[in-house]
Amino acid sequence: MLLIQCPYCDEALPELEFAYAGEAHIARPADPSALSDEEWRDFLFIRTNTRGPHFERWRHIHGCGQFFNAVRDTVSDRFLMTYKAGEPRPVLNALEAAE
Amino acid sequence: MTTQRHNFDTQPFLLEELPPVARFSLRVRSANRGALEGALGLELPDLVGHRSTRGQAEVLCLGPDEWMILTPEADRDALVSVAASAYMQIPHSLVEVSDREITLRLSGPQALTALTAGCPRDIDAIPVGRGARTLFDNATVVLWRDGPQDFRMNVWRSFVPHVRAILDKVMAELKSGL
Ligand SMILES: [Zn+2]
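Just so it is clear, the model here is predicted, and its values are computed rather than measured.

Visitor: An account of the overall build of chain B is needed here, citing residue identities and associated values.
Guide: Counting its regular elements, chain B contains four helices and ten strands. Ordered by position from the N terminus, the helices and strands of chain B form the series β-β-α-β-β-β-α-β-β-α-β-β-β-α. Its C-alpha atoms give chain B principal-axis dimensions of about 75 × 30 × 25 Å. The burial tally for chain B puts 46% of its 178 residues in the buried class.

Next up, the structure:
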């Protein structure tokens, strides 16, 4: 079974306790009514669909309940790292070098 | 052909439904945690899974800003009124969830084995004296480890028949030496 490190519980726990919650680091526009239809569509629906390391949100829903971010390789399904929500997006090159 | 020695334990584990207690879900931001501890007269551990007791009240940290509090039913109103009078100074949320859940106690030589039938988490890695919200089959539960083979499990009441059915099956399997 896949284990996911929850940065709040500080423990690697079974995937079944977690829920995937979409791509990470997509900020909601401060003033949605100022956006064009195309910009709003892009915010709602357009995602990077990365092949390789993907920044994504997860929620430890059957545990501490917190949302956090993860970097997961979409090819190998391997988690490169997890980090707390609100922390800056990690620099990918350093992560890849550590692999 | 292989021969296998079976351990026909008459009672692999004991499953009990514990009498009602008052249960509360407490949410408070970490900046206000210390102040609320003082107001409620409870220790709110800041590490997920850690527990504290004060008198007959028991606290389990479920998340970075969430605790479950258990008290005898007689102390319910006192806790509610103390929290209400602190509310203006220390914003928080204290919600009574007593009727939402039923507490099952699992104890005996194979209590841990029985839990592993439903829990994907490594139950043996939970230290005695700690707890966790986790999963039993598809039901979210809160688990307390009171001893090496002594557990309490809070199950939302509508899931109890499902959880018990699984544990009954596990009981039959363990009794038959499987
Ligand atoms: Zn967690």
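Visitor: Can you break down the pairing of strand β9 (residues 139-147) of chain B residue by residue, with the values?
Guide: Residues and elements named next belong to chain B. Judged by how many residues are buried, β9 sits mostly within the fold: seven of nine residues are covered. Note that β9 and strand β10 (residues 150-156) share six bridges and pair antiparallel. Following the sheet pairing, W144 is matched in β10 by R152. In textbook terms, the turn of a hairpin is the stretch between consecutive antiparallel strands, and for β9 and β10 this stretch comprises two residues.

Visitor: Give a detailed account of the pattern of salt bridges, specifying residues and quantitative values.
Guide: Residues and elements named next belong to chain B. In this structure the tally under the stated criterion is 20 salt bridges over all chains. Residue D124 pairs with R145 through a salt bridge whose shortest N-O separation is 3.4 Å. With D124 in the loop between α3 (111-116) and β8 (131-136) and R145 in strand β9, this residue pair connects regions lying 21 residues apart in the sequence. The exposure class of D124 is exposed, given its relative accessible area of 51%. On the basis of relative accessible area, R145 is assigned to the buried category, the value being 6%. Each of R27, D65, E66 and R133 takes part in a single network of salt bridges with overlapping partners.

Visitor: Explain the packing of aromatic side chains residue by residue, including any values.
Guide: Residues and elements named next belong to chain A. On inspection of all chains with the given rule, the structure shows four aromatic pairs over all chains. Seen in terms of ring centroids, Y20 and W58 are 5.5 Å apart; in terms of plane orientation they differ by 70°. Their pairing is edge-to-face. Highlighted residues: Y20 in strand β3 (residues 19-23) and W58 in strand β4 (residues 53-59), separated in sequence by 38 residues. A relative accessible area of 7% places W58 in the buried class. Aromatic ring contacts, followed pair by pair, group Y20, W58 and F79 into a single cluster. For R89, the ring lying beneath its charged end belongs to F55, and the centroid distance is 4.0 Å.

Visitor: Describe the environment of R76 of chain B, listing the residues and the values that go with them.
Guide: All names here are of chain B. With respect to the helices, strands and loops of the structure, R76 is situated in helix α2 (residues 76-86). With 48 residues separating them along the chain, R76 and V28 place their C-alpha atoms 19 Å apart. Residues contacting R76, with those up to four places away along its chain left out, are A22, F24, T71, E96 and S98.

Visitor: If you had to explain the interface of chain A and chain B to someone new, which residues and values would you point to?
Guide: Between chain A and chain B, the contact holds 14 residues from the first and twelve residues from the second. Taken together, the residues that form the side of chain A that touches chain B break down as seven nonpolar, five polar and two charged.

Visitor: I'd like a description of the coordination of the zinc ion, backed by residues and values.
Guide: Residue and element names in this part refer to chain A. Distances from the zinc ion to its protein donors, namely C6 (SG), C9 (SG), H60 (ND1) and C64 (SG), fall within the range 2.0 to 2.4 Å. Seen from the zinc ion, its four donor atoms lie at angles of 104 to 114°, and the figure they make is tetrahedral. Sequence positions of the donors to the zinc ion reduce to the motif C-x2-C-x50-H-x3-C. Taken together, the residues span a long stretch of sequence, with C9 in the loop between β1 (3-6) and β2 (11-14) and H60 in the loop between β4 and β5 (67-73) at a distance of 51 residues. An identical accessibility class is assigned to C9 and H60; each is buried.

Visitor: Summarise the nonpolar core; cite the residues concerned and give the values.
Guide: Residues and elements named next belong to chain B. By size, the foremost hydrophobic cluster in this structure holds 26 residues, and its most contacted members are F13, L106, L115, F136, M153 and L167. Where this core is concerned, the elements lending two or more residues are β7 (101-107), α3, β9, β10 and α4 (160-175). For this core, the element with the highest residue contribution is α4, accounting for seven residues. Other than its neighbours up to four places away in sequence, L115 contacts L106, I123, F136, L143, F151 and M153. The next biggest cluster of nonpolar side chains, apart from the first, holds 17 residues, and it includes A57, C61, I69 and L79.

Visitor: Account for the environment of L62 of chain B, naming residues and giving values.
Guide: Following the sequence through the fold, L62 of chain B ends up in strand β4 (residues 57-63). With 49 residues separating them in the primary sequence, L62 of chain B and F13 of chain B have C-alpha atoms 26 Å apart. Apart from the residues lying within four places of it in its own chain, the contact partners of L62 of chain B are G63 and C64 of chain A together with V48, W67, M68, R133 and V142 of chain B.

Conventions used here
- Residues numbered from 1 in each chain as written.
- Chains lettered and ligands numbered in written order.
- Predicted model: local features only at pLDDT ≥ 70, side-chain atom pairs only at ≥ 80, totals over all residues.
- Heavy atoms only, no water.
- Helix = DSSP H or I, 4+ residues; strand = E, 2+ residues; numbered from the N terminus.
- Buried < 20%, exposed > 50% of the residue type's maximum accessible area, 1.4 Å probe, protein only.
- Pairing = 2+ DSSP bridges.
- Salt bridge = Lys/Arg side-chain N within 4 Å of Asp/Glu carboxyl O.
- Phe/Tyr/Trp six-rings, centres within 6.5 Å; stacked < 30°, edge-to-face > 60°.
- Lys NZ or Arg CZ within 6 Å of the ring centre and 35° of its normal.
- Contact = heavy atoms within 4.5 Å.
- Nonpolar A, V, L, I, M, F, W, Y, C, P; charged D, E, K, R; others polar.
- Donors = N, O, S within 2.8 Å, 3.2 Å for Na, K, Ca; no water.
- Tetrahedral: all angles 85-135°; square planar, octahedral: opposite > 155°, others 65-115°.
- Core = buried A, V, L, I, M, F, W, Y, C linked by side-chain atoms within 4.5 Å.

Keep in mind these values describe shape, not function.
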